[in-house]
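Residues per chain, in single letters:
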Amino acid sequence: MTEPTKPSCCSTSRSEADGNTVQHISMDSLLRKPQQSHNRNSTITDPREGMIYLPGGQFLMGTDDQEGFPQDGEGPVRPVTVNPFYVDPCTVTNAEFARFVQETGYKTESEQFGWSFVFHLFVSEETAAKVKHVVQRTPWWWNVEGADWAHPEGPDSSIKDRMDHPVIHISWNDAQAYCRWAGKRLLTEAEWEYAARGGLEQKRYPWGDLLKPGTEHMCNIWQGKFPDKNNKSDGYAGTAPVRSFQPNGFGLYNVAGNVWEWCQDWFNPTWHITGPSDNPKGPDKGTSRVMRGGSYLCHKSYCNRYRVAARSSNTPDSASGNMGFRCAADA
């Protein structure tokens, strides 16, 4: 009998929120009209400035690695072609997202809902005393009122000393709104894996097959006994600055660990088996969107999804303390 896939310890969905009524929030209500209309970031003349040009081409996508999760649709290994595109070297930072909010008056879905998911070890005693709900399947996720991108651990927290860290508590819808303002877009799942591999073929990680070559930490993931003890031997308990660790062969930082990255595609575990191999963009419809890269909470003993071929997903309105995004642009 095949062992069922463990849920991703690194994410949870608003649909799983215990005791909360999840109302529908339209995109129109999320994006308030600012004093001046901004279709794109007014401070940048070319949205591709600072981005990395990737020539595209054919690569081997997916994995048949025994450490993988076949139920997630990681395999089979197949040749896939992507067109040339631009990609940001880093995920969007708190500083960049703050500038977007300042220009547009945007309110994230976590702000609109009034709460978001926070990892239990990060909640202060004062805030913990007010927590009423946790997620049953993943009880390390607490529904914290007042948690959002600017208050990552709840209303008594701040990003003041984390402006170069990835913005978190970002839903897929939030990421889309930012991309429209910046004149960019999210990566397709195929583009993401092509970029994350950094020119290496069928390696487990963006740097090779060994997690810690020469005992060196290459990414921000969990060390210790999940979910109660993190030894922080990589230097971080939560998010790390976006330019931490060595970039991959294409110059991308933190494509393994740190924060989950939203992709454009709807998620389906089997669509790719018969879907197109030339610049695929995923299914036409679905209930959840693809996330890639894993996060600082991933650990081999439970959720080994910081491998470059690993996949996960979440509903477009979901957000948590380890979900962010990276931008792309057409060549």
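Parameters at a glance
- Residues numbered from 1 in each chain as written.
- Predicted model: local features only at pLDDT ≥ 70, side-chain atom pairs only at ≥ 80, totals over all residues.
- Heavy atoms only, no water.
- Buried < 20%, exposed > 50% of the residue type's maximum accessible area, 1.4 Å probe, protein only.
- Helix = DSSP H or I, 4+ residues; strand = E, 2+ residues; numbered from the N terminus.
- Salt bridge = Lys/Arg side-chain N within 4 Å of Asp/Glu carboxyl O.
- Core = buried A, V, L, I, M, F, W, Y, C linked by side-chain atoms within 4.5 Å.
- Contact = heavy atoms within 4.5 Å.
- pLDDT = per-residue confidence, 0-100.
- Phe/Tyr/Trp six-rings, centres within 6.5 Å; stacked < 30°, edge-to-face > 60°.
- Lys NZ or Arg CZ within 6 Å of the ring centre and 35° of its normal.
- Pairing = 2+ DSSP bridges.

### Regarding helix 6 (residues 189–197)
So, step 1. Burial runs high along helix 6: nine of the nine residues are buried.
So, step 2. Positive backbone phi, at 65°, marks Gly198, one or two positions downstream of helix 6.

### Some words on unusual backbone geometry
Excluding glycine, a negative phi dihedral is what most residues carry, and trans is how most peptide bonds are arranged.
So, step 1. Cis peptide bonds are those with omega within 30 degrees of zero, and the linkage from Gly75 to Pro76 qualifies with 0°.
So, step 2. Mapping Pro76 onto the fold places it in the loop between strand 2 (57–61) and strand 3 (78–82).
So, step 3. For the peptide bond that leads from Phe226 to Pro227, omega is 5°, which places it in the cis range.
So, step 4. In this structure, Pro227 sits in the loop between strand 9 (224–225) and strand 10 (229–230).
So, step 5. For Phe245, which is not glycine, the phi dihedral falls at a positive 65°.

### What about the pattern of salt bridges?
So, step 1. Per the stated rule, a full pass over the model turns up 17 salt bridges.
So, step 2. Note that Glu153 is salt-bridged to Arg162, the shortest N-O span being 2.9 Å. Across the pair, exposure class does not vary: Glu153 and Arg162 are buried alike.
So, step 3. Of the charged contacts, one joins Glu193 and Arg292 as a salt bridge, the two residues approaching to 2.7 Å between their closest N and O atoms. One end of the pair, Glu193, is in helix 6; the other, Arg292, is in strand 12 (residues 289–292), and 99 residues separate them in sequence.
So, step 4. Glu193 sits in the buried class, given a relative accessible area of 0%.
So, step 5. By relative accessible area, which is 1% here, Arg292 ends up buried.
So, step 6. Sharing partners across several salt bridges, the network here consists of Glu189, Glu193, Arg197, Arg292 and Arg311.

### Section: the nonpolar core
So, step 1. In terms of nonpolar packing, the biggest core is built from 31 residues, with Phe97, Phe100, Trp149, Tyr178, Trp262 and Phe325 touching the most fellow members.
So, step 2. Listing elements by their share of this core, those giving two or more residues are helix 2 (94–104), helix 5 (172–182) and strand 11 (260–266).
So, step 3. No other element matches helix 5, which puts seven residues into this core.
So, step 4. Residue contacts for Trp149: discarding those within four places in its chain leaves Asn94, Phe97, Ala98, Val101, Thr108, Glu111, Ile159, Val167, Ile168, His169 and Ile170.
So, step 5. Counting 21 residues, the second-largest nonpolar core is a separate cluster that includes Phe59, Val87, Ala195 and Val308.

### Here's the deal with the confidence of the model for the protein
So, step 1. Predicted confidence across the protein gives a mean pLDDT of 90, with 88% of residues reaching 70 or more.
So, step 2. Note on residues 1–7: pLDDT is under 50 here. Beyond four places in sequence and across chains, it has 13 contacts.
So, step 3. Within the model, pLDDT remains below 50 along residues 18–38, and this stretch shows 35 contacts once partners closer than five positions in the same chain are excluded.

### Quick word on the packing of aromatic side chains
So, step 1. Inspection of every chain in the model, using the stated rule, returns 23 aromatic pairs.
So, step 2. With a centroid separation of 5.1 Å and 80° between ring planes, the pair formed by Trp222 and Phe226 is classed as edge-to-face. Exposure class is identical for Trp222 and Phe226. Each is buried.
So, step 3. Through a chain of ring-to-ring contacts, three or more aromatic side chains come together here, namely Phe97, Phe100, Tyr106, Trp149, Tyr178, Trp181 and Phe325.
So, step 4. Across from the ring centre of Trp172, 3.8 Å away, lies the NZ or CZ of Arg289, which sits over that ring.
So, step 5. Positioned above the aromatic ring of Trp266, the side-chain terminus of Arg289 is 3.6 Å from the ring centre.

### Thoughts on the sheet that holds strand 15 (residues 327–330)
So, step 1. One open sheet accounts for four strands, arranged 1-4-15-8; its pairing is antiparallel. Strand pairing shows two members of the sheet lacking a second neighbour, strand 1 (52–54) and strand 8 (185–186), which therefore form its edges.
So, step 2. In terms of strand pairing, strand 8 meets strand 15 through two bridges, oriented antiparallel. What sits directly across from Arg185, in strand 15, is Ala328.

### Describing the pairing of strand 15
So, step 1. The pairing of strand 4 (residues 85–87) with strand 15 spans three bridges and is classified as antiparallel. Bridge pairing in strand 15 links Phe85 to Asp330.

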